[in-house]
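Architecture at a glance
Listed here are the chains, written in short residue letters.
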Amino acid sequence: MAAARLCRCRCRALLSRPAGAVRARRGLAAGPEMHFGFQTVTEEERREKIYQVFENVAKKYDVMNDSMTLGIHRVWKDILVHKMNPCPGTLLLDVAGGTGDIAFRFINYVRSVRQRQLQRKLKHHQNLSWQQIFESYQKDEFNSLGDSQVVVCDINREMLKVGKQKAEHLGYSEGLSWVLGNAEELPFDDDKFDVYTIAFGIRNVTRIDLALQEAYRVLKPGGRFLCLEFSHVSNPLLSRLYDLYSFQVIPVLGEVIAGDWRSYQYLVESIRQFPPQEELKAMIEDAGFFKVDYENLNFGIVAIHSGFKL
């Protein structure tokens, strides 16, 4: 408890400084060495290299996700949104969600909840006239999300561009906005969002501790943090098969489909360098979150970490 309070105080002290002071402090942090896949680079070099990776893969990102995971990433993302269980009126921040996969699922889920609510309402008012029923449906059509909103925040312009194009093509516009922003220094006020999600993005954040502190800051008291990420496989035999597939197949798919071997080689290596489940859980707790737990999916190939701001 004391460590969590100290962490929150340090975070708020940092955020209360002028923007120039924050940048100056981070400029000093460019020296220490960090991992970029299996390479050792400076913090600033890592930021630049990761930005370039997603600049390169943005246009083929969805196709590659389907190819690499045999489409299972769609199931994982469905599970994340069902675990969130958003109700009408929920304000969601989806970080590193440039292509919109979580945002679109959130909108679909809330619309479905609203539709069921309307049906229950009409079922309990059997004496309504046809005109009254029609007007109820018309009203619901203009407010199908019940004031819910999702803000997609991503540091990469190209990823946001792809997401906006998908949204336009699929007909998503209501309750959806796109913001260019860094997970380590979010451009939002304190205590603003009901839910914060980050799916397959946190391992590409240079300073995970800062990103978690920012997640805590922008959530309302009672707000929920949800992270979907590749993790560490518990079964030794499956782990060896998974390594074989990851290192021998995924980079080849990257070259064939996206014309980019190196970016997908990095993505595979970044998964192996990412903290295991218990270590990430401890980091989330250090950022101030309570009731932190995780759920392994497919023997730990991915995990969903969850926590609350109390």
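Sequence order as written defines the numbering, with residues in each chain counted from 1. Per-residue local features of the predicted model are confined to residues with pLDDT of at least 70, and side-chain atom pairs are confined, for both listing and counting, to 80 or more; whole-chain, interface and lining totals are unaffected and use all residues. With hydrogens and water excluded, all non-hydrogen atoms of the structure serve as input to the side-chain values.

1. Quick look at the overall build of the chain
Basically, it comes down to this: In this description a helix means any DSSP run of H or I spanning at least four residues, a strand means any run of E spanning at least two, and both kinds are numbered starting from the N terminus. To sort residues, take the accessible area from a 1.4 Å probe on protein chains only and compare it with the maximum for the residue type: under 20% means buried, over 50% means exposed, and anything in between is partly exposed. The criterion used for residue contact is that any of the two residues' heavy atoms lie within 4.5 Å.
What the chain contains, in helices and strands, is 13 helices and 9 strands. Expressed as a percentage of the 310 residues in the chain, the buried residues total 49%. Looking at the chain alone, contacts between residues at least 24 apart form 75% of all its contacts between residues at least 6 apart.

2. Points about the nonpolar core
Condition: The definition of a nonpolar core used throughout is a set of buried Ala, Val, Leu, Ile, Met, Phe, Trp, Tyr and Cys residues joined through side-chain atoms within 4.5 Å.
Among the nonpolar cores identified, the biggest contains 34 residues, and Trp76, Val150, Leu176, Leu228, Phe230 and Val302 are the most heavily contacted of them. Counting only elements with at least two residues in this core, the list comes to helix H5 (72–84), helix H6 (101–123), strand E4 (149–154), helix H8 (157–170), strand E5 (176–180), strand E6 (193–199), strand E7 (219–230) and strand E9 (302–308). With 8 residues, H6 is the single largest residue contributor to this core. Residues contacting Leu176, with those up to four places away along its chain left out, are Ala103, Phe104, Ile107, Val150, Val152 and Ala167. Within the second largest apolar cluster, 28 residues are counted, among which are Val95, Phe188, Ile198 and Phe225.

3. A few points about the sheet that holds E6
As a reminder, the rule being used: For two strands to count as paired, DSSP must find a minimum of two bridges between them. Only the stretch in contact is used when fitting a helix axis, every axis being a line fitted to C-alpha atoms; angles between N-to-C directions are given from 0 to 180 degrees.
Read from one edge to the other, the open sheet built from 7 strands follows the order E5-E4-E3-E6-E7-E9-E8, with strand pairing classed as mixed. Where the open sheet ends on each side, the last strands, each with one partner, are E5 and strand E8 (290–297). The average undirected angle you get between the axes of adjacent strands in this sheet is 15 degrees. When strand E3 (residues 91–95) meets E6, the two strands line up parallel, connected through 4 bridges. In the sheet register, Leu92 faces E6, and the bridge partner there is Val195.

4. Topic: the packing of helix H10 (residues 236–248) against helix H12 (residues 261–273)
Selection criterion: In these notes the angle categories are as follows: under 35 degrees is roughly parallel, over 145 is roughly antiparallel, 65 to 115 is roughly perpendicular, and the rest is oblique. Under the scheme applied, nonpolar residues are Ala, Val, Leu, Ile, Met, Phe, Trp, Tyr, Cys and Pro; charged residues are Asp, Glu, Lys and Arg; polar residues are all the others, including Gly.
With their axes 9 Å apart at the nearest point, H10 and H12 run at an angle of 150 degrees to one another. As the angle between them shows, H10 and H12 are arranged roughly antiparallel. In this structure, H10 contributes Tyr242, Asp243, Ser246 and Phe247 to the contact, and H12 contributes Gln265, Val268, Glu269, Ile271 and Arg272. By residue class, the composition of the contact of H10 with H12 is 4 nonpolar, 2 polar and 3 charged.

5. Re a nonpolar patch on the surface
Threshold: Residues qualify for a patch when their relative accessible area is over 30% and they have no salt bridge, like charges being joined within 9 Å and the nonpolar side chains of Val, Leu, Ile, Met, Phe, Trp and Tyr within 5 Å. The protein chains shown are the only cover counted for residues, whose accessible areas, like all others here, come from Shrake-Rupley with a 1.4 Å probe. Definition used for salt bridges: Asp or Glu carboxyl oxygen within 4 Å of a side-chain nitrogen of Lys or Arg.
The grouping of Leu70, Ile72 and Val75 at the surface amounts to a nonpolar patch, some 280 Å² of accessible area in total. Among the secondary structure elements, Leu70 is positioned in the loop between helix H4 (61–69) and H5.

6. Overview of the pairing of E5
What counts is decided by this rule: Handedness of a crossover: with both strands directed away from the viewer, a clockwise path from the first strand across the helix to the second marks it as right-handed.
As paired strands, E4 and E5 are joined by 5 bridges and run parallel to one another. Bridged to Val152 within E5 is Trp178. A crossover connection joins E4 to the parallel E5 through H8; in handedness this β-α-β unit is right-handed.

7. Some details on the packing of aromatic side chains
Within a pair of aromatic rings, the relevant descriptors are the distance that separates the centres and the angle that separates the planes. The condition that has to hold: Pairing of aromatic side chains here covers Phe, Tyr and the six-membered ring of Trp, requires ring centres within 6.5 Å, and sorts the geometry by plane angle: under 30 degrees stacked, over 60 edge-to-face, intermediate tilted. The criterion for a charge sitting over a ring is simple: Lys NZ or Arg CZ within 6 Å of the ring centre, and within 35 degrees of the ring normal.
Counting across every chain of the model gives 9 aromatic pairs. On the basis of an interplanar angle of 90 degrees and a centroid distance of 6.0 Å, the ring pair of Trp76 and Phe230 is categorised as edge-to-face. With Trp76 in helix H5 and Phe230 in strand E7, this residue pair connects regions lying 154 residues apart in the sequence. Neither Trp76 nor Phe230 differs from the other in exposure class; each is buried. Residues Tyr196 and Phe225 carry aromatic rings whose centres are separated by 5.5 Å and whose planes lie at 25 degrees to one another, so their mutual orientation is stacked. With Tyr196 in strand E6 and Phe225 in strand E7, this pair connects stretches of sequence that are 29 residues apart. Per residue, the accessibility class of Tyr196 equals that of Phe225, and both read buried. Three or more aromatic residues joined by ring pairs form one cluster here, namely Tyr196, Tyr216, Phe225 and Phe289. Its end group placed over the ring of Phe193, Lys192 keeps NZ or CZ at 5.9 Å from the ring centre.

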